[in-house]
Amino acid sequence: MDCPYCLNLYSKVTNKRKSPEGIRRRRECLKCKKRFTTYEKVNRDEFYIIKKNGQREKFERKKLVQGIEKAFEKRPVPKEKIDKMINEVEEQLRKKGKKEINSSVVGEFVMKKIKKLDNVAYIRFASVYLDFQDIKDFKKEINELE
Ligand SMILES: [Zn+2]
């Protein structure tokens, strides 16, 4: 980020907060020490998730995160890995460039990724997502893992 005063490339962030225009950062130029503000534009198209019951819901990263973090509760998987996985899922969904995406597509993406990280989290997520009704469903899924 160039300093608007001296065009130096290096600055440090002195303050960061969310604003309607994106993430607002107060910066201080490391060379001339003048301060300036930058905005990280969150210029992303919104899209909708079509749920199993046909309901249409705006995609919210927060919800994706909640479901996934729940599956990883108390599992020995570093948070950075989980965050990275969530970013990848979101990126894949956005790459599709669709206005509407079936929740099953989201579920498949997530399940594949979780499977690579942790089998227990995978079973937890699958049990909610695939709506396991009894122990047979669990067994089937666990057998497939083995
Ligand atoms: Zn400067």
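Only a predicted model underlies this, so the values are computations on that prediction, with no experimental measurement involved. The numbers attached to residues start from 1 for each chain and follow its sequence in the written order. Local features in this predicted model are restricted to residues of pLDDT 70 or higher, and side-chain atom pairs are both shown and tallied only at a pLDDT of 80 or more, whereas totals for entire chains, interfaces and linings draw on every residue. Only hydrogens and water are removed before side-chain values are computed, so all heavy atoms of the structure are retained for them.

Novice: Could you give me a rundown of the coordination of the zinc ion, with the residues and numbers involved?
Specialist: Metal coordination here is assigned from N, O and S atoms located within 2.8 Å of the ion, or within 3.2 Å for Na, K and Ca; omission of water means that sites may look incomplete. Summarising the metal site, the zinc ion is bound by the protein donors Cys 3 (SG), Cys 6 (SG), Cys 29 (SG) and Cys 32 (SG), whose distances to it range over 2.3 to 2.4 Å. Only two sets of limits are used to name each site, 85 to 135 degrees for every angle of a tetrahedral four-donor site, and over 155 degrees for opposite donors with all other angles from 65 to 115 for a square planar four-donor or octahedral six-donor site, with any other site named irregular. Of note is the zinc ion, whose 4 donor atoms meet at the metal with angles of 103 to 118° in an arrangement that counts as tetrahedral. Going along the chain, you hit the donors of the zinc ion in the pattern C-x2-C-x22-C-x2-C. Of this pair, Cys 3 sits in the segment before strand 1 (11-19) while Cys 29 sits in strand 2 (residues 22-29), and the two are 26 residues apart along the sequence. A residue is classified by how much of its surface remains accessible, and Cys 3, at 0% relative accessible area, is buried. Helix and strand definitions follow DSSP, with helices as H or I runs of at least four residues and strands as E runs of at least two, each counted in order from the N terminus. Any residue under 20% of the maximum accessible area for its type is buried, any over 50% is exposed, and the rest in between are partly exposed; the area is computed with a 1.4 Å probe on protein chains only.

Novice: Explain the packing of aromatic side chains to me, and be specific about the residues and the numbers.
Specialist: The rule is short: rings of Phe, Tyr and Trp, with Trp giving its six-membered ring, pair when the centres are within 6.5 Å, and they are stacked under 30 degrees, edge-to-face over 60, tilted in between. Taken as a whole and assessed by the stated rule, the structure comprises 2 aromatic pairs. Between Phe 47 and Phe 59, the aromatic rings sit 4.6 Å apart at their centres with planes inclined by 15°, giving stacked as the arrangement. Of the two residues, Phe 47 is situated in the loop between strand 3 (35-40) and strand 4 (48-50) and Phe 59 in the loop between strand 5 (56-58) and helix 1 (61-71); the sequence distance between them amounts to 12 residues. Of the two residues, Phe 47 and Phe 59, both sit in the buried class. Relative to Tyr 129, the ring of Phe 125 lies with its centre 6.1 Å away and its plane at 15°, an arrangement referred to as stacked. Residue Phe 125 and its partner Tyr 129 are both found in helix 4 (residues 119-129); the two are separated by 4 residues, about one turn of the helix. In this structure Tyr 129 comes out as buried when scored by relative accessible area, which is 14%. In this structure, Lys 52 packs its charged tip against the face of Tyr 129, placed 5.1 Å from the ring centre. Counting as a charge over the ring demands two things of the Lys NZ or Arg CZ atom: a distance within 6 Å of the ring centre and an angle within 35 degrees of the ring normal.

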